[in-house]
Amino acid sequence: MQPVPIKTTVVGSMPFPGWLEFASMNLDQFGPADISEMIDDAVIAAIHDQVSAGLDVITDGEQTRLDFNLSFYGFIKGIVNDGTETRKYGPPAHDQRGKNSIIEPLAAPKGLGVVEEYKRLKRLAPAGQMIKMSIPGPYTLSGRLNPGGHYKDRWEVTEALLPLVRKEIEDLVALGVPEICVDEPSMSCYAYREDTKRFVDIFNRTVAPGVGKTRLSMHLCFGNYKGRSVGKKTIAPMLPDFLDMTVDEIHSEMTVLNFTDVHLLERFAEKVDVAVGVIDVKSYYIETPEDVAERIRKILPYVPAEKLAVAPDCGMSQTARWATKQKLKAMCEGAKLVRKELGLLP
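Residues numbered from 1 in each chain as written. Predicted model: local features only at pLDDT ≥ 70, side-chain atom pairs only at ≥ 80, totals over all residues. Heavy atoms only, no water.

> So what exactly am I meant to see when it comes to the pairing of strand E11 (residues 273–279) here?
It is a general feature of regular strands that their side chains alternate between the two faces of the sheet. When you tally the buried positions in E11, you get seven out of seven residues, the bulk of the element. By the bridge criterion, four bridges tie strand E10 (residues 249–252) to E11 in an arrangement that is parallel. The residue of E11 that forms the bridge with Ser252 is Val276. Judged from the five bridges that link them, E11 and strand E12 (residues 308–312) form a sheet pairing that is parallel. (Buried < 20%, exposed > 50% of the residue type's maximum accessible area, 1.4 Å probe, protein only. Helix = DSSP H or I, 4+ residues; strand = E, 2+ residues; numbered from the N terminus. Pairing = 2+ DSSP bridges.)

> Just checking my understanding: could you explain the pattern of salt bridges for this structure?
Where charged atoms from two side chains of opposite charge come close, those side chains can pair. This model, assessed by the stated rule, comprises 21 salt bridges. The partner of Glu249 in a salt bridge is Arg215, and the shortest N-O contact between them spans 2.9 Å. A residue pair is termed long-range when its members are at least 10 positions apart, and Glu249 in strand E10 and Arg215 in strand E9 (residues 215–220) qualify at 34 residues. The exposure class of Glu249 is buried, given its relative accessible area of 2%. With a closest N to O distance of 2.7 Å, Lys282 and Glu253 form a salt bridge. Here Lys282 is found in the loop between E11 and helix H9 (289–299), whereas its partner Glu253 is found in the loop between E10 and helix H8 (265–269), with 29 residues between them in sequence. (Salt bridge = Lys/Arg side-chain N within 4 Å of Asp/Glu carboxyl O.)

> Before we go on, may I ask you to explain the sheet that holds E11 in this structure?
By way of backbone hydrogen bonds, the strands of a sheet pair with one another, either parallel or antiparallel. One open sheet holds the seven strands; their spatial order is E1-E12-E11-E10-E9-E8-E6, and the pairing between them is parallel. Edge positions in the sheet fall to strand E1 (7–8) and strand E6 (133–136), since each has one partner strand and no second. Both E1 and E12 contribute to a ladder of two bridges, which runs parallel. Across the sheet, residue Lys7 finds its bridge partner in E12, namely Ala309. Across the sheet, H9 is in contact with E11 and E12; its angle to E11 comes to roughly 145°. (Contact = heavy atoms within 4.5 Å. Axes fitted to C-alpha atoms, helices over the stretch in contact; angles between N-to-C directions.)

> Quick question: what am I supposed to make of unusual backbone geometry here?
With an omega dihedral of 0°, the bond running from Leu239 to Pro240 counts as a cis peptide bond. Here Pro240 shows up in the loop between E9 and E10. Not every positive phi belongs to a glycine, and Ile6 is a case in point at roughly 50°. Structurally, Ile6 can be placed in the segment before E1. Judged by its relative accessible area of 0%, Ile6 is buried. The phi dihedral of Phe259 is positive, around 65°, even though this residue is not glycine. Overall, Phe259 belongs to the buried group, its relative accessible area being 8%.

> I tried to follow the nonpolar core on my own but got confused; where do I start?
Buried together is how nonpolar side chains tend to be arranged in soluble globular proteins. Core analysis: the largest hydrophobic core is formed by 93 residues, its most contacted members being Leu106 and Phe242. Of all the elements, helix H5 (residues 154–174) adds the most residues to this core, at ten residues. In contact with Leu106, other than residues within four places in its own chain, are Ile76, Lys77, Gly78, Ile79, Leu145, Tyr151, Val157, Ala160 and Leu161. Formed by five residues, the second largest nonpolar core is a distinct cluster that contains Phe16, Leu20, Met38 and Ala42. (Core = buried A, V, L, I, M, F, W, Y, C linked by side-chain atoms within 4.5 Å.)

> Please clarify how the packing of aromatic side chains should be interpreted in this entry.
The geometry of an aromatic ring pair is captured by the separation of the ring centres together with the interplanar angle, meaning the angle of the planes. Overall, the coordinates contain five aromatic pairs when judged by the stated rule. If you follow Arg154 out to its NZ or CZ, it ends over the ring of Tyr139, 3.9 Å from the centre. It is Arg198 that lies over the ring of Trp155; its NZ or CZ is 4.1 Å from the centre. (Phe/Tyr/Trp six-rings, centres within 6.5 Å; stacked < 30°, edge-to-face > 60°. Lys NZ or Arg CZ within 6 Å of the ring centre and 35° of its normal.)

Structure representation (structure tokens):
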């Protein structure tokens with residue numbers, strides 16, 4: 001059950017302030033103390049935007065990650081950037097994201113950085129505020145690494161990354177993190193063509209250190225690079241196998257699907273809590289609270305309020321900050337409207 005009926009939260013990322021993007025392109029002009037202060041300020045801004053919107057559960061906005069996934073490559077030994085396969089110009093698409101070559105067995109001797117992010121968020125968040133941390137799962141993390149040499153295919157790269165992510169989860173659990181969201185959008189993007197039972201096995205082995213010790217959530221989407229999807233936009237191929245994920249909450253995009261698959265959420269709700277995307281991060285239409293309330297009403301026949309969380313379809317890193325703040329505020333106000341209708345507000 002959710003800690004709050006129709007809980008409001010985000011997936012993980014929040015947009016960077018403009019000054020942070022500028023500073024990140026001019027880091028040579030800053031000293032270590034300046035950079036440390038800058039990181040704190042960015043997280044404080046992300047916290048402020050989320051708390052002001054009225055979210056029940058917040059994150060650090062992933063303000064130290066230039067990409068929810070690619071940034072982790074900086075913590076992993078054995079990787080070198082390879083720009084030869086990357087298209088430089090033309091309309092934005094996933095083939096413009098960086099590729100990397102593997103030159104030695106993968107290792108992360110100093111961890112993946114999420115432990116430090118959690119300590120910072122815990123230090124800066126308001127007292128009593130519910131928080132969570134997000135981390136990409138190994139299959140998604142393997143997506144921009146070229147196999148060959150040490151690992152013959154993506155599955156072998158995934159297996160090499162799995163213990164690195166699992167160790168980070170283990171360390172987070174040891175610190176008492178209340179919730180860990182594992183981002184595995186590649187699993188939902190490619191469920192229609194890959195072995196879904198294999199996905200389940202990979203996920204369950206990854207999160208094993210957290211089972212029964214923290215709240216485990218899983219984010220599934222269909223891609224959001226430059227506001228563009230990449231996967232086949234339906235959750236049907238995930239069923240029934242994804243029901244065997246050892247997780248407390250599964251999050252799925254739904255607004256981008258125009259709620260055509262909403263009835264399938266009932267299958268997930270029979271086993272776990274369900275977080276549902278009610279904000280379109282790929283559109284600059286600003287939802288009203290009434291829009292959000294209407295979307296939540298579409299979900300309630302299939303997911304009871306006590307098992308439901310609402311969030312944006314995906315992370316907010318690809319959405320301008322001014323729009324993000326308005327969208328999140330509308331989401332929280334829409335959730336309150338429905339809670340009031342159901343008599344769930346004090």
